[in-house]
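So the chains spell out like this:
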Amino acid sequence: PFMDIRVRKAMSKAIHRTAIAERVMEGLAVPAANIVSPGVFGYNAALKAEPYDPEGAKRLLAAAGYPKGFRVTLAGPNNRYINDDQVLQTVAQLLTRVGIVTRVEAAPMSAFIGRARKGDTSFALLGWGTFAADLALRSLVATPNAEKGWGTWNWGRYSNLQVDRLMAQALASVDRAKREALAREAATLAMIDLAFIPLHHQIVSWAMRADLNY
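Residues numbered from 1 in each chain as written. Predicted model: local features only at pLDDT ≥ 70, side-chain atom pairs only at ≥ 80, totals over all residues. Heavy atoms only, no water.

**A closer look at the packing of aromatic side chains**
Spelled out, the test is: Note on aromatic pairs: the rings of Phe, Tyr and Trp (six-membered ring only in Trp) are paired at centre separations within 6.5 Å, and the planes decide the class, stacked below 30 degrees, edge-to-face beyond 60, tilted for the rest. Helix and strand definitions follow DSSP, with helices as H or I runs of at least four residues and strands as E runs of at least two, each counted in order from the N terminus. Relative accessibility decides the category of a residue: with a 1.4 Å probe and only protein chains considered, values under 20% of the type maximum give buried, values over 50% give exposed, and everything between is partly exposed.
Applying the stated rule across the entire model yields six aromatic pairs. Each ring, one from phenylalanine 2 and one from phenylalanine 70, has its centre 6.3 Å from the other, and the planes form 70 degrees; the classification is edge-to-face. Pair noted here: phenylalanine 2 is in the segment before helix 1 (5–14) and phenylalanine 70 is in strand 2 (residues 70–77), with a separation of 68 residues, a long-range link. You can call phenylalanine 2 partly exposed: its relative accessible area is 27%. Aromatic pair phenylalanine 2 and phenylalanine 123: ring centres 5.6 Å apart, planes at 45 degrees, arrangement tilted. Of the two residues, phenylalanine 2 is situated in the segment before helix 1 and phenylalanine 123 in the loop between helix 5 (109–117) and helix 6 (133–140); the sequence distance between them amounts to 121 residues. Residue phenylalanine 123 is classed as buried on the basis of its relative accessible area, which comes to 16%.

**Points about the nonpolar core**
Stated formally: Throughout this description, the term nonpolar core refers to a set of buried Ala, Val, Leu, Ile, Met, Phe, Trp, Tyr and Cys residues connected via side-chain atoms within 4.5 Å.
Core analysis: the biggest nonpolar cluster contains 35 residues, and Ile15, Ile20, Leu61, Val87, Val91, Leu95 and Ile100 have the highest contact counts within it. Every element with two or more residues in this core is listed here: helix 1, helix 2 (17–24), helix 3 (54–63), strand 2, helix 4 (84–97), strand 3 (100–107) and helix 5. If one sorts the elements of this core by residue count, helix 4 sits on top with six residues. Listed in part, the 21 residues of the second largest apolar core include Val40, Ala133, Tyr158 and Met167.

**Details of the pattern of salt bridges**
The condition is simple: Each reported salt bridge corresponds to a side-chain nitrogen of Lys or Arg within 4 Å of a carboxyl oxygen of Asp or Glu.
Inspection of the entire model under this criterion finds 12 salt bridges. For the salt bridge of aspartate 4 with arginine 6, the shortest nitrogen-to-oxygen distance reads 2.9 Å. One network of salt bridges, in which partners are shared, links Lys9, Lys13, Glu50 and Asp53.

**Digging into a nonpolar patch on the surface**
Selection criterion: Patch criteria: residues need more than 30% relative accessible area and no salt bridge. Like-charged residues are merged within 9 Å; nonpolar side chains of Val, Leu, Ile, Met, Phe, Trp and Tyr are merged within 5 Å. Method for areas: the Shrake-Rupley scheme with a 1.4 Å probe, in which residue coverage is limited to the protein chains shown.
Judged by side-chain polarity, Val204, Trp206, Met208, Leu212 and Tyr214 come together as a nonpolar surface patch covering roughly 670 Å² of accessible area. With respect to the secondary-structure elements, methionine 208 resides in the segment after strand 4 (200–202).

**What about the layout of surface pockets?**
Using the following cut-off: Throughout, the protein atoms alone are placed on a 1 Å grid, and a set of points is a cavity if a 1.4 Å probe fits but cannot get out or a pocket if it is open with protein on both sides within 12 Å along at least five of seven lines; lining residues have an atom within 4 Å of a point. Grid points are joined across faces, edges and corners, and a volume is the space filled by probe spheres set on the points. Residue polarity is assigned by list, with Asp, Glu, Lys and Arg as charged and Ala, Val, Leu, Ile, Met, Phe, Trp, Tyr, Cys and Pro as nonpolar; anything else, Gly included, falls into the polar class.
One number sums up the size of the largest pocket: a volume of about 1,500 Å³. Considering the residues around the largest pocket, the lining is formed by 44 residues, among which Ala124, Leu126, Phe196, Ile197 and Pro198 are closest to the centre. Of all the secondary-structure elements, those providing two or more residues to the lining of the largest pocket are helix 1, helix 4 and strand 4. Considering every element that reaches the lining of the largest pocket, the biggest residue donor is helix 4, with four residues. Residues belonging to the lining of the largest pocket are distributed by class as follows: 29 nonpolar, 12 polar and three charged. Of the volumes computed, that of the second largest pocket is approximately 180 Å³. Along the walls of the second largest pocket sit 13 residues, with Lys9, Lys48, Glu50, Met191 and Leu194 positioned nearest its centre. For the lining of the second largest pocket, the elements supplying multiple residues, two or more each, are helix 1 and helix 8 (176–192).

What follows is the structure, encoded as structure tokens:
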């Protein structure tokens, strides 16, 4: 099912990112539409998080040939990211509401990561941090190529030659403005195609003494 953009789009529409950010994450997150967070090299402010639209999700599933949905297992860590277990459970409930009956398999990161890296999961939660969109693309989205070091974390084996080409040009550029434009274009293509489904960007919290500035 994940090979069909309509299914990926339906799944994205089924996820209530605002509710996750405000309730599950207790306000310590913002809904995501980009491969990198706001302010990071290559971020595209024109991309907006997919609005919650369960009815639209159901229509897309029906159009893709899954009017009754399907079943899937969502794997992920339960001790790595902020409230990761609750995020997994919430996403599973939201997908189940539109017909994609989702079972959660949560485990400590040390156990989960081994399974995921071996390709022993079909649907999984991953968090990522980076300094630039093209660097994130190289790890998460590029067509897997061990010789080039591409796609080492591309668990879905996504492949888009146009994204690869633009990303390679960005990584090879020594002109900062040109590199960022290429990285932004490549990342935008990947996100429109839903190479993966973005959820939210975590907000880092700091506790400090009142007489200290940071």
